[in-house]
Amino acid sequence: MDKQDGRAAGEPGDVRCDDDPWYDDDPWCDAHADRWGGLDNGATGERCAPDLVRTPAPVPEPRPATHDEVYLAVQRSGAFQEVRRRYRRFVVPATALFLAWYLAYVIAATAAPGLMAHRVAGALNVAMLAGLGQFATTFLLTWAYARHARLCRDSAALDIRWETQELTGRNAR
């Protein structure tokens, strides 16, 4: 039996269910099931035998990204690079200044003991004030770092964290 498009029965694209037991090329046999368990061929009105109809292969779900892939993608992202740039822009100069201040204190204590022993008020001398200044600058630097992190990096870093958690939350290690 020829169809209207000129293809003969058994050719690819044939819509007849009764001649081809494997229904390889029949899109209608898998598409229209009736309530009695058989399949109704929507093109010809013929019924297909339920035991001969192939069930479609399950479509594989997309493979979720592994933790490593997610973290590498985050590391390459522009948002992460911006957070790192802001971090380095504060930390590198602050570390250099604090290290220079500390080394100046140590060098002055060894190279100029007379200057460091000079009394400022009562028992306080320059060395004692410089040592207390080291503690003060440590606390000041800690406060400045926390403030900079809160104002310049925390919200962006939190956004990256939530995005990463959403991407890796589905994956079990």
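Brief notes about the overall build of the chain
Then, number 1: Secondary structure summary: the chain contains four helices and four strands in total.
Then, number 2: Counting only residues that meet the buried cut, the chain has 19% of its 173 residues in that class.
Then, number 3: Pairs at least 24 residues apart make up 47% of the contacts formed inside the chain by residues separated by at least 6 positions.
Then, number 4: Carbon together with sulfur atoms contributes 62% to the accessible area of the chain, which is approximately 12800 Å² in total.

Here we look at the confidence of the model for the chain
Then, number 1: Per-residue confidence for the chain gives a mean pLDDT of 76, with 60% of residues at or over 70.
Then, number 2: For the chain, the element scoring lowest by mean pLDDT is strand β1 (residues 39–40), at 47; helix α2 (residues 78–111) scores highest, at 94.
Then, number 3: Note on residues 30–42: pLDDT is under 50 here. Beyond four places in sequence and across chains, it has 30 contacts.

Here we look at the pattern of salt bridges
Then, number 1: Scanning all chains against the criterion turns up two salt bridges.
Then, number 2: With a closest N to O distance of 2.3 Å, Arg-85 and Glu-82 form a salt bridge. Of the two residues, Arg-85 and Glu-82 are both situated in helix α2; the distance of three residues between them amounts to about one turn of the helix.
Then, number 3: Under the relative-accessibility criterion, Glu-82 is labelled partly exposed at 26%.
Then, number 4: Taken together, the shared-partner salt bridges in this structure form one network comprising Glu-82, Arg-85 and Arg-86.

The rules behind the values
Residues numbered from 1 in each chain as written. Predicted model: local features only at pLDDT ≥ 70, side-chain atom pairs only at ≥ 80, totals over all residues. Heavy atoms only, no water. Helix = DSSP H or I, 4+ residues; strand = E, 2+ residues; numbered from the N terminus. Buried < 20%, exposed > 50% of the residue type's maximum accessible area, 1.4 Å probe, protein only. Contact = heavy atoms within 4.5 Å. Areas by Shrake-Rupley, 256 points an atom, 1.4 Å probe, with all protein chains shown as cover. pLDDT = per-residue confidence, 0-100. Salt bridge = Lys/Arg side-chain N within 4 Å of Asp/Glu carboxyl O.

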